[in-house]
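A structural walkthrough
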Amino acid sequence: MAAFAESSPTLLVSLCSFGLSYCIAETSTRRGRRSDLMLLLSCYNERLVSVSHGRSFFNLKSYVPLMALFLVWVSAFWIMAQANAADQDPNTWVWNNPKDLGIEGLQHQTLHSKSMNRQVGYQIYLPPQYKSEPRRSFPVVYFLHGAGGNESSDAGLAALVHTEILAERIRPTIYVFPNGGKRSGYRDSKESYVRAETLLVNELGTAIDQEFRTIDNASSRLLCGFSMGGGGAVRLALKYPDRFGAAASLAAALDTSIDSGGGDNCYVHASALSEEKRNDLRLYLVVGDEDFLYPRHDPFLKFLKTLGVAYTLVVHSEVSHNLGVLSRLSADSMIRFLDRQLQSQR
């Protein structure tokens, strides 16, 4: 889409002209006036040429609403293409997006990433007990946003976490929402300055354990995420079993095969797990059966089954790639799954 939009504005003009001609012709056909409109050509210099049988000339004014609607569509397409092109360029990514979401216990913080030489933002939720019990340490869950997001885009989940803690349905837990870059895949890039994996696993993880009262072990440090973040959560949990004890995902962008990512993928890392880690690690995956990422789940889960890695799969019928819908259907169960892993590993 981006390449198409960048190739030639003239091409878009031609498409617009053709589309208008098609829409007008179709409308004429439906009104039973196809014979009145044998040919409609869109030309440059804002000219429309119509050939009729001489009975009546084509009335352009009657099609102004249709033309306006089509032009809006073309404009929206152009804007989306430009935005997509920007998302692909790491030099346009904003790594610090401070935003007050008005959620109790949620605050925006920054750290300096040495690997990327820039300030990176993150949102962190501290449960009420963090202040009321100053000698207590807490487990940590990292929620990884999807493609195009940032540290503030999915941090609304903290409101649900807060509600679950107040209702005593889960134990008090710190939730961290990092900025992983718009299209990083939570990997270290070989082509640019992006070091999203190093940032998350080493820099941010270390900073959180040093600055906040966390329980510093893998069984008390878990991962979850949506789409790109869901795939990242699964891959990193498998790659760093001594650092993360479990992972959950909503519509995970799982690796497609054992050859993905130059060998840095969930298949390879699952194969490398020791027998002990295969028995200990737990995964929880939620996806809709109309999600374009749904087909990636079955082969990967069959692969996990051959390895003896335990997982839970939740498939929602007639649900596409939509964080809002998946959150409404399964965010609470995902949070409670993560809490059970914390409880079972105490």
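Our subject in this report is the structure included herewith. None of these values were measured; they are calculated from a predicted model. The residue numbering used here restarts from 1 in each chain and proceeds along that chain's sequence as written. For a predicted model such as this one, the threshold for reporting local features is a pLDDT of at least 70, and the threshold for listing and counting side-chain atom pairs is 80 or more; totals across whole chains, interfaces and linings nevertheless cover every residue. Hydrogen atoms and water are omitted, and side-chain values are computed over all heavy atoms in the structure.

**Here we look at the nonpolar core**
Residues enter a nonpolar core if they are buried and are Ala, Val, Leu, Ile, Met, Phe, Trp, Tyr or Cys, with the set joined through side-chain atoms within 4.5 Å. Think of it in three bands: residues with accessible area under 20% of the maximum for their type are buried, residues over 50% are exposed, and the middle band is partly exposed, with areas taken using a 1.4 Å probe on protein chains only. Counting residues in each nonpolar core, the largest one holds 49 residues, and the members touching the most others are Tyr142, Val176, Leu223 and Phe300. Elements that contribute at least two residues to this core include exactly β4 (118-125), β5 (140-144), β6 (174-178), α6 (196-211), α7 (228-239), α8 (266-271), β9 (282-288) and α10 (297-307). The numbering of helices and of strands both runs from the N terminus, where a helix is a DSSP run of H or I of at least 4 residues and a strand a run of E of at least 2. If you tally residues by element for this core, the top one is α6, at 7 residues. Val176 has contacts with Tyr122, Gln123, Ile124, Val140, Val141, Tyr142, Phe143, Leu204 and Ile208, leaving out every residue within four places of it along the chain. With 30 residues, the next largest nonpolar core counts Ala248, Val319, Leu326 and Phe337 among its residues. Contacts between residues were defined by any pair of non-hydrogen atoms, one from each residue, lying within 4.5 Å.

**Looking at the packing of aromatic side chains**
Pairing of aromatic rings covers Phe, Tyr and the six-membered ring of Trp, with a centre-to-centre limit of 6.5 Å; geometry is then stacked below 30 degrees between planes, edge-to-face above 60, and tilted otherwise. Taken as a whole and assessed by the stated rule, the structure comprises 9 aromatic pairs. Centre to centre, the rings of Tyr130 and Phe138 are 5.6 Å apart; their planes meet at 40°, and the pair counts as tilted. The class for Tyr130 is buried, based on a relative accessible area of 13%. Across from the ring centre of Tyr193, 3.8 Å away, lies the NZ or CZ of Arg118, which sits over that ring. Here, a charge over a ring means that NZ of Lys or CZ of Arg falls within 6 Å of the ring centre while also lying within 35 degrees of the ring normal. Over the face of the ring belonging to Tyr130 we find Arg213, whose NZ or CZ atom lies 4.0 Å from the ring centre.

Treat this as a map of the structure, not an account of what it does.
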